[in-house]
Amino acid sequence: MAQVAREMVQKAGIDIDKLLDMLVRNAAAELTTYYYYTILRVNLIGLEGEGLKEITEDARIEDRNHFEALVPRIYELGGKLPGDMKAFHDISACPPASLPSDPTNIKTMLNVLVKAERCAVNGYTSICNYTAGKDHRTYDLSLAILHEEIEHEAWFAEFLGEGPSGHFRRSGTGTERNSPYVSKFLHT
Ligand SMILES: [Fe+2]
C-alpha cells in the first residue's frame, strides 16, 4: 500500500472504500469480458464473422491489459482482489458478454459486443468524474482505459451501421499493437 498516496486521496475528499469498490468491480468486468470475448472471438466464423474477428481480438487483448493496469492501483490504495474467482465474477460492474444462442447471427454477436463496451464506457466515465482533480493517478489511468473503451464502442457501432467511427484499425503487430493509451501503465 502507498500510505501517503492513499492519505492524499482521502484528504482530497475521496471515499477510498467507494473508489476501491468501483475499481474492483470494473477490474472484474475486464477479466470476465476478456474470458467471454475469447468465446465470442472463437465463434466469429464465416464471411461476416471473419470481418469482426480482428477488432474483437484487439478489444479482448486490451481488456486484459485494463485488468493488468487496474490491479496495482487497487493494492496501492490499500484494496485487494477477492480470494474466490467466482465471487469476483459475480461482482462485475457489467453483465456477462455471453455467447448468443445463435452465434451465426452476426447482429446478435455485435449487440453483445457493443453492449459490453457501452457498459465499460459508463463505468470509467463514472470513475473519471469521481476522481477528477482529486486522485490524479486513478483519474489518469481511468481516462486512458476510457479512451480505449470508447474506440472499441465506435468500432463495433460502425459494424452495426450506426455511423462512421473515423477509425481504421490498430497499427503494428505483437505487444506494440495494443493499448496505445494504457500501455504506459503496463510496466510494473
Ligand atoms: Fe476494458
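Anything mentioned here points back to the structure above.
Residues numbered from 1 in each chain as written. Predicted model: local features only at pLDDT ≥ 70, side-chain atom pairs only at ≥ 80, totals over all residues. Heavy atoms only, no water.

Student: Just to check I follow, could you spell out the pattern of salt bridges for this structure?
Tutor: Pairing between side chains of opposite charge can happen when the charged atoms of each approach one another. Per the counting criterion, the structure on display carries 15 salt bridges. Glu54 is the partner of Arg177 in a salt bridge, and the nearest nitrogen-oxygen pair spans 3.0 Å. Within this pair, whereas Arg177 is found in the segment after helix H6 (136-159), its partner Glu54 is found in helix H3 (residues 46-76), the two being separated by 123 residues in sequence. Of the charged contacts in the structure, one is a salt bridge between Asp58 and Arg177, with a shortest N-O distance of 2.8 Å. Separated by 119 residues along the polypeptide, Asp58 in helix H3 and Arg177 in the segment after H6 bring together distant segments of the chain. Here Asp58 falls in the buried class, since its relative accessible area comes to 3%. The class of Arg177 is buried, set by a relative accessible area of 12%. Bridged by salt links that share partners, the residues Arg73, Glu76, Asp135 and Arg137 form one connected network. (Salt bridge = Lys/Arg side-chain N within 4 Å of Asp/Glu carboxyl O. Helix = DSSP H or I, 4+ residues; strand = E, 2+ residues; numbered from the N terminus. Buried < 20%, exposed > 50% of the residue type's maximum accessible area, 1.4 Å probe, protein only.)

Student: Even after reading the chapter, I still don't get the coordination of the iron ion, so can you show me in this structure?
Tutor: Distances from the iron ion to its protein donors, Glu30 (OE), Glu30 (OE), Asp63 (OD), His66 (ND1) and Glu149 (OE), fall within 1.8 to 2.6 Å. Donor residues binding the iron ion come from one chain and are separated in sequence as E-x32-D-x2-H-x82-E. Placement of Glu30 in helix H2 (residues 16-42) and of Glu149 in helix H6 is noted, with a sequence separation of 119 residues between them. Glu149 carries the same exposure label as Glu30, and that label is buried. (Donors = N, O, S within 2.8 Å, 3.2 Å for Na, K, Ca; no water.)

Student: When you look at the packing of aromatic side chains in this model, what are you seeing that I'm missing?
Tutor: To describe a pair of aromatic rings, one takes the distance between the centres and the angle between the planes. Scanning the entire structure with this criterion turns up 2 aromatic pairs. When the ring of Tyr35 is compared with that of Tyr36, the centres are 5.6 Å apart and the planes differ by 80 degrees; the resulting orientation is edge-to-face. Judged by relative accessible area, which is 51%, Tyr35 ranks as exposed. Cation over ring: Lys18 sits above Tyr130, and NZ or CZ is 4.2 Å from the ring centre. (Phe/Tyr/Trp six-rings, centres within 6.5 Å; stacked < 30°, edge-to-face > 60°. Lys NZ or Arg CZ within 6 Å of the ring centre and 35° of its normal.)

Student: How should I be thinking about the nonpolar core in this particular structure?
Tutor: Formed by 30 residues in total, the largest nonpolar core has its most connected members in Leu19, Leu23, Leu70, Leu77, Phe88 and Tyr124. Among the elements of the structure, H2, H3, helix H5 (106-131) and H6 are those that each provide at least two residues to this core. When residues of this core are assigned to their parent elements, the largest contribution, 9 residues, is made by H2. Beyond its immediate sequence surroundings of up to four residues, Phe88 is in contact with Val24, Ala27, Ala28, Leu31, Phe67, Leu81 and Pro82. (Core = buried A, V, L, I, M, F, W, Y, C linked by side-chain atoms within 4.5 Å. Contact = heavy atoms within 4.5 Å.)

Student: Looking at this structure, how should I read the side chain of Ser165?
Tutor: Its location among the elements puts Ser165 in the segment after H6. Once residues within four sequence positions are removed from consideration, Ser165 is found in contact with Ala154, Trp155 and Glu158.

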